[in-house]
Amino acid sequence: LATPIGTLKAHINKATMASAIPSIIGRKVIPMAAAASFAAGGGMDTFNYRYGRANCDASSQDFDNAKPLAANNNPFMTNNLASVVLRKRMTSIGRFSLKSESETNLSIPTFFLALSGSKKPDSNDASANTTAVGTSQSTKNTFTVNDFESTWMNRDMPSRHPRFHSTVSRHDDRFFEETHHVKAATTENDGNDKDETNLQIKAELDRHASETMHFSVYREDLRNRIENMLTSPIEVAEKLWEVKISSGAIGSSGAISKVKSEAITTRQQVSNEIRALKRQPTKGRLWKDAVGDTKPMESVLLFRSHHALADGASIMAALSDLCDEAEEIRSDIEAELKKWKRGKQGKKGVLRRLISRFMRLIKFMMWITLGSARSALYQVWLQLTTRTNPFDAVRQDAGKKGLAMSGQRAISWCDACPLDEAKRMTQILSKASGSNITVNDLFVSCISAAVTRQLIEHEEFMAPVDAHSRKRVARNINVCIPVHLRGGVILPNESLGNRIGAFVTRVPGEMTHDARGGGTPSCPSDRLMKVHRSLKRSKQSPAPILSHYVAKFCSSYLPEQWTKNIFQRANCNACVAISNNRGYKDKIHMNGMTVESAHGFLPLPPGIPIGVVVQSYAGVMSLSVTAEKWAVPDPDKFLRWCLDEYSRLLETAAKLEKSQ
């Protein structure tokens, strides 16, 4: 218990604390001296007598000077209730992110959701039932902070994911702190909970959610705001996440592409025309549906959170509980788990199942032992054979010219292609090569080609040389691939966490068609095959699991400076970090509004100048790039290079399909 309970007068006995706290928290709570005082039966008087206010984590002066939030500013706080702060041990990976980040490389994943459409009608909202033209339209087609807070509480997010309401302890950064209300139970439910004391988490959402001005300059304003959120530190002792919400005309920010915005506008115009044919005059009022004639609006929800809270994939998975399809998503996950368990059990007898489990255990132990040894040797080999990062010369040259401004980010995003098209392409190329190429292999190949073209452009800018006698552009480059150990989902009865690992692998750098600016059709497929073989070898190894536990060990037992050095050296001078996030196959909704697009942005690890997120959502593949400005001066051009390589592969697949 990190703070005194204040005015709580009821005595809480041992049985009450044992039954109340675990049922609310759902996990182990770190025992403390104050908890022991309550367990002994002394209650509040014993607590004050034994420890006093000055011995608590928060001093008495802090409590006297504290200004409680007014109820009218936050309707979700309960007045006149004492508070309890519970401590929970932070995950080792969360602590690792705190220890390994630097001032210029903050560990803050950022992403945005772009919404459009109409909200669900709220019977409690008077503006939802009015027919005045200006009033209801401003709230009907936009998502506000009040909508976010209402949805948050209606979806029971404080109980489902209590870590969202945690902060890092000011006195010991190994722990989270959660502030709860202490509320005496009522005699409802036939008096079954009489004399029970329960805890209700404080949902101080106004510290996290805020409304801002919408973006006026297409893409640039949103780009600058994303850069600011990636590079501005979060005071983790006050909050671990925040969301900024803004609304305006659809397509004005660039969060929704022009193609999607035009399609939405066209649908809205058709809908308005249909409504116009059905208009019915109402007595003494304007036309009943005149509010439907306005242009469609968009709302942009810009999130960021510290990695100490959870990894980016877990954050997005947890926030899916805010959507209208949350129950359906959870049911699908449970169905897949049951299907997987049935597949493992099969219709074998008891003896055969035991033998099968024993054999799987033997195989697993051999895979862990031999695979870990092989992964460690491969890591050492990459470290020894890649002594410098190919972008080191670029940074030095930019520094001499006064262009290397550390901490600045180049940001861009785009929709790349339909997911079905990418899958069809990989099937054709797999059949032609006799391998199993994945969509992830496809885009890693495209990104590695773009990185190589960026290096070539830098070298030509630094000292123009002949394309066939390059000295600085490597024939191979290293890439870092983060891997979510749960496949990017949160399992039932689980909450947020840092379940992430990573591996480094080597892919082709400069190839013939890169140096010539084009070339034979086989060159893109040659690069893709080399990328596929390299990724397959690393994916089948326990390298992500090994890296996860190495990070846990470093955060728990090594000094902070050692942890930072190990984290930077572990990337083996990789040029780019590539994260692949699988989204939902259909569009999801929040409070009735459609999530039209979603893009995540990778926080750059120390020593890696470029980060790319490959994401699928609603049948569309998208790309987003975060990079040092000296490494990628024009991020839009970088993404065009990715799409150029994709187009070459698409042409190759089309020719192979005709020949087949």
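Right above here is the structure, for reference.
In this text, all values refer to a predicted model and were calculated from it rather than measured experimentally.

So, how was this worked out
- Along each chain, residue indices are assigned from 1 in the same order as the chain's sequence is written.
- This being a predicted model, a pLDDT of at least 70 is required before a residue's local features are given, and a value of 80 or more before pairs of side-chain atoms are given or counted; all residues contribute to the totals for chains, interfaces and linings.
- The basis for the side-chain values is all heavy atoms of the structure; hydrogens and waters are excluded.
- Numbering of helices and strands starts at the N terminus; helices are DSSP runs of H or I of at least 4 residues and strands are runs of E of at least 2.
- Residues are treated as being in contact if the distance between any of their heavy atoms lies within 4.5 Å.
- Under this definition, polar contacts are N or O atom pairs within 3.5 Å; protein pairs additionally need one hydrogen-donor-capable and one acceptor-capable atom, and for neighbouring residues in sequence, both atoms have to be side-chain atoms.
- Working definition: rings of Phe, Tyr and Trp (its six-membered ring) pair if their centres are within 6.5 Å, and the pair is stacked with planes under 30 degrees apart, edge-to-face with planes over 60 apart, and tilted otherwise.
- Either the NZ atom of lysine or the CZ atom of arginine qualifies as a charge over a ring when it sits within 6 Å of the ring centre and within 35 degrees of the ring normal.
- Among buried residues, the Ala, Val, Leu, Ile, Met, Phe, Trp, Tyr and Cys ones that are joined through side-chain atoms within 4.5 Å form a nonpolar core.
- For every residue, the accessible area obtained with a 1.4 Å probe (protein chains only) is divided by the maximum for its type, and the residue is called buried under 20%, exposed over 50%, and partly exposed between those limits.
- The rule for pairing is simple: two strands pair if DSSP sees at least two bridges between them.
- To obtain an axis, a line is fitted to C-alpha atoms, over the contacting stretch when the element is a helix, and the angle between two such axes runs from 0 to 180 degrees between their N-to-C directions.
- By definition here, a salt bridge exists when the distance from a side-chain nitrogen of Lys or Arg to a carboxyl oxygen of Asp or Glu is within 4 Å.
- Counting rule for disulfides: a pair of cysteine sulfur atoms within 2.5 Å.
- Candidates for patches are residues over 30% relative accessible area with no salt bridge; among them, like charges are joined within 9 Å and nonpolar side chains (Val, Leu, Ile, Met, Phe, Trp, Tyr) within 5 Å.
- We get accessible surface area from the Shrake-Rupley algorithm with a probe of 1.4 Å; when it comes to residues, only the shown protein chains can shield them.
- Only four residue types enter the tally: Lys and Arg on the positive side, Asp and Glu on the negative side, with His and both chain ends excluded.
- Note that the charge is assigned to NZ on lysines, CZ on arginines, CG on aspartates and CD on glutamates.
- Multiplying one less than the number of residues by 1.5 Å gives the expected span of a helix.
- Oblique is the label for every angle not falling under 35 degrees (roughly parallel), over 145 degrees (roughly antiparallel), or within 65 to 115 degrees (roughly perpendicular).
- Take the far helix as your reference; a near helix turned counterclockwise from it by less than a right angle gives a left-handed crossing, and one turned clockwise gives a right-handed crossing.
- Three classes are used: nonpolar for Ala, Val, Leu, Ile, Met, Phe, Trp, Tyr, Cys and Pro, charged for Asp, Glu, Lys and Arg, and polar for all others, with Gly counted as polar.

Draft legend 1. Representation of the environment of Lys239 in the model. Within the secondary structure, Lys239 is located in the loop between helix H10 (220-231) and strand E7 (241-249). When the C-alpha positions of Lys239 and His306 are compared, they lie 9.1 Å apart, and in sequence the two are 67 residues distant. In this structure, Lys239 is in contact with Thr167, Arg207, His208 and Ile234, ignoring residues within four places of it in sequence. A distance of 3.3 Å separates a polar side-chain atom of Lys239 from the backbone oxygen of Arg207.

Draft legend 2. Representation of the packing of aromatic side chains within the structure. In the structure shown here, the tally under the stated rule is 15 aromatic pairs. Ring centres of Phe148 and Trp152 lie 5.5 Å apart, and the angle between their planes is 40°; on these two criteria the pair is classed as tilted. Within this pair, Phe148 and its partner Trp152 are both found in helix H8 (residues 145-154), separated by four residues, close to a single helical turn. One aromatic cluster in this structure is built from Phe111, Phe148, Trp152, Phe164, Trp241 and Phe303. Sitting over the face of the ring of Trp413, Arg219 holds its NZ or CZ atom 4.2 Å from the ring centroid.

Draft legend 3. The nonpolar core, seen in detail. Phe391, Phe443, Ile447, Val451, Ile610 and Phe638 are the most contacted members of the largest nonpolar core, which totals 53 residues. Of the residues forming this core, the biggest block, ten residues, is contributed by helix H17 (residues 439-462). The contacts of Phe638, once residues within four sequence positions are left out, are Ile447, Ala450, Val451, Gln454, Ile610, Val612, Val625 and Val632. In terms of nonpolar packing, the next biggest core, distinct from the first, is built from 43 residues, Ala203, Val236, Leu309 and Ile333 among them.

Draft legend 4. Layout of the environment of Arg537. In this fold, Arg537 is placed in helix H19 (residues 522-539). For the pair formed by Arg537 and Ser375, sequence separation is 162 residues and the distance between their alpha carbons is 9.7 Å. The residues touching Arg537, leaving out its near neighbours within four places in the chain, are Arg374 and Tyr378.

Draft legend 5. Geometry of the sheet that holds strand E2 (residues 110-116). If you trace the six strands from one edge of the open sheet to the other, you get E6-E7-E8-E2-E14-E13, paired in mixed fashion. The strands lining the two open edges of the sheet, one partner per strand, are strand E6 (209-211) and strand E13 (589-590). Alignment of E6 against E7, held across three bridges, turns out to be parallel. Bridging from a neighbouring strand, Glu211 pairs with Ile245 of E7. The strands that H8 touches are E6, E7 and strand E8 (297-305); relative to E7, the one it contacts most, it runs at about 130°. Sheet contacts for H10: E2, E7, E8 and strand E14 (593-601); angle to E8, the most-contacted strand, approximately 20°.

Draft legend 6. How the structure looks around the pattern of salt bridges. Under the definition given, this model contains 26 salt bridges. A salt bridge links Arg87 to Glu177, with the nearest nitrogen and oxygen atoms 3.5 Å apart. With Arg87 in strand E1 (residues 82-89) and Glu177 in strand E4 (residues 175-184), this residue pair connects regions lying 90 residues apart in the sequence. Exposure remark for Arg87: the relative accessible area of 9% places this residue in the buried category. The residue Glu242 makes a salt bridge to Arg304 at a minimum N-O spacing of 2.6 Å. Placement of Glu242 in strand E7 and of Arg304 in strand E8 is noted, with a sequence separation of 62 residues between them. In terms of burial, Glu242 and Arg304 fall into one category: buried. Counted as one network, the salt bridges with shared partners bring together Arg219, Glu220, Arg223 and Asp636.

Draft legend 7. Highlighting the pairing of strand E15 (residues 610-617). Here E15 lies mainly inside the structure; eight of its eight residues are buried. Direction of pairing for strand E12 (residues 576-582) relative to E15: parallel, over a ladder of seven bridges. Across the sheet, the residue bridging to Ile578 is Val612, located in E15. Taken together, E15 and the strand that follows it, strand E16 (residues 620-628), pair antiparallel across an intervening segment of two residues, in which Ala618 is found at a positive phi of about 55°.

Draft legend 8. Main features of the state of the cysteines. Scanning the entire structure with this criterion turns up zero disulfides. Here Cys446 is not cross-linked by a disulfide; its sulfur's nearest cysteine counterpart is in Cys642, at 6.9 Å. A relative accessible area of 1% means that Cys446 is categorised as buried. Cys642 gets classed as buried once you look at its relative accessible area, which sits at 2%.

Draft legend 9. Geometry of a positive patch on the surface. On the surface, Lys338, Lys339, Lys341 and Arg342 cluster together into a positively charged patch. Tracing the backbone shows Lys341 in helix H13 (residues 326-345).

Draft legend 10. Examining helix H14 (residues 350-385) more closely. Between its terminal C-alpha atoms H14 stretches 51 Å, which fits the 52 Å expected from 36 residues at 1.5 Å a residue. Of all the positions in H14, only Ser356, Gly371, Ser372, Ser375, Tyr378 and Leu382 are classed as buried.

Draft legend 11. Spatial organisation of the packing of helix H16 (residues 419-433) against helix H22 (residues 635-659). Between H16 and H22, the shortest axis-to-axis distance is 9 Å and the interhelical angle comes to 55°. Taken together, H16 and H22 sit at an angle that is classed as oblique. Like other packed secondary-structure pairs, H16 and H22 cross with a definite hand, here left-handed. Two secondary-structure elements touch here, H16 through Glu421, Ala422, Arg424, Met425, Ile428, Leu429 and Ala432 and H22 through Tyr646, Leu649, Leu650, Thr652, Ala653, Leu656 and Glu657. Partitioned by chemical class, the residues of the contact of H16 with H22 number ten nonpolar, one polar and three charged.

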